[in-house]
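Spelled out, the chains give:
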Amino acid sequence: MEARIVRLDTSYEVAFSRPAFSRIASFSQIIEPIYDAFSQEIQIPSDAIKLENGDTIATAGVTLTLLSGLHSFEAKLDGYKARFLDLRSPEAISQAKNYAKYFETAVCKFLTDAIPANRRLVTSCWLTVNGGMEVAENLIRSLTWLPEVPDPFGIGANRVHSPVKFDCSNRDERWNVGIFMDRSALPGTHLFLEFSANYKSGTQYDTLDRMREHVSSVVRSVIATLDLVVE
């Protein structure tokens, strides 16, 4: 079955096991390195970086918004996140990966004994399917047999649960992947797919590149299981 991706969103989050920005007295200190990290690649509007004031440093943060709100980056005491909306080409996806690295490098300069308790990478995509909504709905209904099969997507999961949102996990490798498929609510598209990958402290997938490689392998396995040919 042939399908085409119409929209692709992704987000990357790191949460610490305890507050980790102990090298700074104020979050205003983090603005300059974040600005420097991106200004080499893109013209940053003067109002793109905002300091979120709080009663204490624990409730403060820094937010950077680029490209009319399509890309946003947030650093707070307990972690940081990058979000990318509507990635329309392989070049845009590659740029998003580089932006996430710029941001992570800038933020990590301020970390003291930071131990990520959890890393999370979420990829959401909306697709058109040859045959339209009826074919997409038939595909969704066909998933009801999958929970009866051990590791139905062949991704190395120890446990798979739920006939609606597949909760796949591997205790030894310390990851959990949620796989969700439904009819799309986005006009002009038929199918919605979301992959939510969580990695605990101690996993081998401890960098953004390793996480991306793992999620990509999961996506390929799921697409093959669904017998989809995605452009």
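Everything below is about the structure printed above this text.
Here is a short report on the structure shown in this document. (Residues numbered from 1 in each chain as written. Predicted model: local features only at pLDDT ≥ 70, side-chain atom pairs only at ≥ 80, totals over all residues. Heavy atoms only, no water.)

## Points about the environment of A37
Within the element layout of this structure, A37 appears in helix α1 (residues 31-39). With a relative accessible area of 16%, A37 lands in the buried category. As for A37 and T105, which are separated by 68 residues in sequence, their C-alpha atoms are 8.2 Å apart. Leave out the neighbours within four places in its chain, and A37 touches Y102 and A106. (Helix = DSSP H or I, 4+ residues; strand = E, 2+ residues; numbered from the N terminus. Buried < 20%, exposed > 50% of the residue type's maximum accessible area, 1.4 Å probe, protein only. Contact = heavy atoms within 4.5 Å.)

## So, the side chain of H214
Counting through the fold element by element, H214 comes out in helix α4 (residues 208-225). Judged by relative accessible area, H214 falls into the buried class, the value being 6%. In terms of polar contacts, H214 uses its side chain to reach the side chain of Y199, at 2.7 Å. If near-sequence neighbours (up to four positions away) are discounted, H214 is found in contact with W175, V177, Y199 and Y205. (Polar contact = N/O pair within 3.5 Å; in protein donor to acceptor, adjacent residues only side chain to side chain.)

## Considering the packing of helix α2 (residues 90-108) against α4
At their nearest, the axes of α2 and α4 sit 11 Å apart, and the two run at 145° to each other. In this structure, α2 contributes I93, K97, A100 and K101 to the contact, and α4 contributes L208, D209 and R212. Residues belonging to the contact of α2 with α4 are distributed by class as follows: 3 nonpolar, no polar and 4 charged. (Axes fitted to C-alpha atoms, helices over the stretch in contact; angles between N-to-C directions. Nonpolar A, V, L, I, M, F, W, Y, C, P; charged D, E, K, R; others polar.)

Any functional reading would require information beyond the geometric quantities listed.
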